[in-house]
Amino acid sequence: MSYRLTFLGSGTSHGVPSIGCKCETCLSKDPKDKRLRSSILLERDDKNIIIDTGPEFRIQCLRADINHLEAVLYTHTHADHLNGIDDLRSFTNKNVSLPLYGDEKTIVEIKQRFSYIQLGTVNGTTIPNLTLNVLKPYQKVDISGFDITPLIIDHGWLKIYGYKIFNSAYLTDCNNIPDETYKYLKNLDLLILDALQHHPHKTHYTLEQAIEVAKKIGAKKTYFTHIAHGIKNDRDSKLLPKNMELSYDTLSIELEE
Ligand SMILES: [Zn+2]
Ligand SMILES: [Zn+2]
Ligand SMILES: [Zn+2]
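For every chain, the first residue of the written sequence is number 1, and numbering continues from 1 along that sequence. Chain letters and ligand numbers both follow the written order, the letters beginning at A and the numbers at 1. Where local features are concerned, this predicted model is filtered to residues with pLDDT of at least 70; where side-chain atom pairs are given and counted, the filter is 80 or more; whole-chain, interface and lining totals use all residues. Side-chain numbers come from the whole structure's heavy atoms, not from hydrogens or water.

Asker: Could you give me a rundown of the overall build of the protein chain, with the residues and numbers involved?
Answerer: A run of H or I in DSSP becomes a helix once it reaches four residues, and a run of E becomes a strand once it reaches two; helices and strands are each numbered from the N terminus. A count of helices and strands for the protein chain gives 6 helices and 15 strands. A radius of gyration in this sense is built from C-alpha atoms; the matching globule rule multiplies 2.2 Å by the number of residues raised to 0.38. Here the C-alpha atoms of the protein chain give a radius of gyration of 17 Å, agreeing with the 18 Å that 2.2 N^0.38 yields for 257 residues. Along the three orthogonal principal directions, the C-alpha set of the protein chain runs to about 55 × 45 × 35 Å. The rule is simple: take the accessible area with a 1.4 Å probe, protein chains only, and divide by the maximum for that residue type; under 20% is buried, over 50% is exposed, in between is partly exposed. Taking all 257 residues of the protein chain together, 54% fall into the buried category. Throughout, a contact is declared for two residues whenever any of their heavy atoms are within 4.5 Å. In the protein chain, 62% of the contacts between residues at least 6 apart in sequence involve partners at least 24 apart. All tallies of charge rest on Lys and Arg as positive and Asp and Glu as negative; His and the ends of each chain are not included. In this description, the location of a charge corresponds to atom NZ of lysine, CZ of arginine, CG of aspartate or CD of glutamate. Here the protein chain holds 31 positive side-chain charges and 33 negative ones, and the gap between their average locations is 2 Å.

What follows is the structure, encoded as structure tokens:
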């Protein structure tokens, strides 16, 4: 069976263009240089799941015409991955709860930061009706028909989740991949990997580092994501090996399980 993966956003935490910036990328007219915060949609057998709900989640749902949602996976709790959570109420009502998944500290922090969310119950129709579920690392689960394996990646001093989905891997926000995780990245059809910018960063791979990591993993196809304004699509695409590309918002890929 096939499934579809769509980039709802491919940008870093500031988004591109960055507020107030007049650099070449931020002024670019190329639609591939307009990057909302990083998130992907997965569609299979009339089931939709999303990884991360950043601040532009509502805009991304409207642009991709998403009208139902079966689950949300979270990579970590940084604002650019979580803060659109309130708009999940569009997919819930007092009878329909939406399951969210993440590692233990993600689930604990969601309960703290969004304590008004009535978890599992709802008293009013405007409150998101969400249930929170902890996923254990490296344990494959079935979520709405998708094979999902949470993988630990290093995001500076944080350990966060990347996800293996069937034979694809989504590894946003990382600057190191632990040895244990590499074991799950063999013979991938598709790798999606963090590549922030050209100059070094404490919590993200540079484009140059990401290319080296992607070569080591050796997926059939690699797309880079979580891209900042230091990278311009047409200029920097020329730097990439032929089975690697910069992702861009709305890019959609059909994959086999
Ligand atoms: Zn991020
Ligand atoms: Zn800029
Ligand atoms: Zn982050």
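Let us keep going from here.
Asker: Can you break down the coordination of the zinc ion (ligand 2) residue by residue, with the values?
Answerer: Metal-coordinating donors are taken as N, O and S atoms lying within 2.8 Å of the metal, or within 3.2 Å when the metal is Na, K or Ca; because water is left out, some sites can appear incomplete. Protein coordination at the zinc ion (ligand 2) comes from C21 (SG), C23 (SG), C26 (SG) and H229 (ND1), with a distance range of 2.1 to 2.3 Å. Angle rules define the geometry names used: all angles between 85 and 135 degrees makes four donors tetrahedral, while opposite donors over 155 degrees apart and all other angles between 65 and 115 make four donors square planar and six octahedral, leaving every other case irregular. Its 4 donor atoms give the zinc ion (ligand 2) angles of 103 to 116 degrees at the centre, a pattern that matches the tetrahedral case. Each donor residue of the zinc ion (ligand 2) lies on one chain, and together they are spaced C-x1-C-x2-C-x202-H. Of this pair, C21 sits in the loop between strand 1 (2–9) and strand 2 (39–44) while H229 sits in the loop between strand 13 (221–225) and helix 6 (233–237); the two residues are 208 residues apart in sequence, bridging distant segments of the chain.

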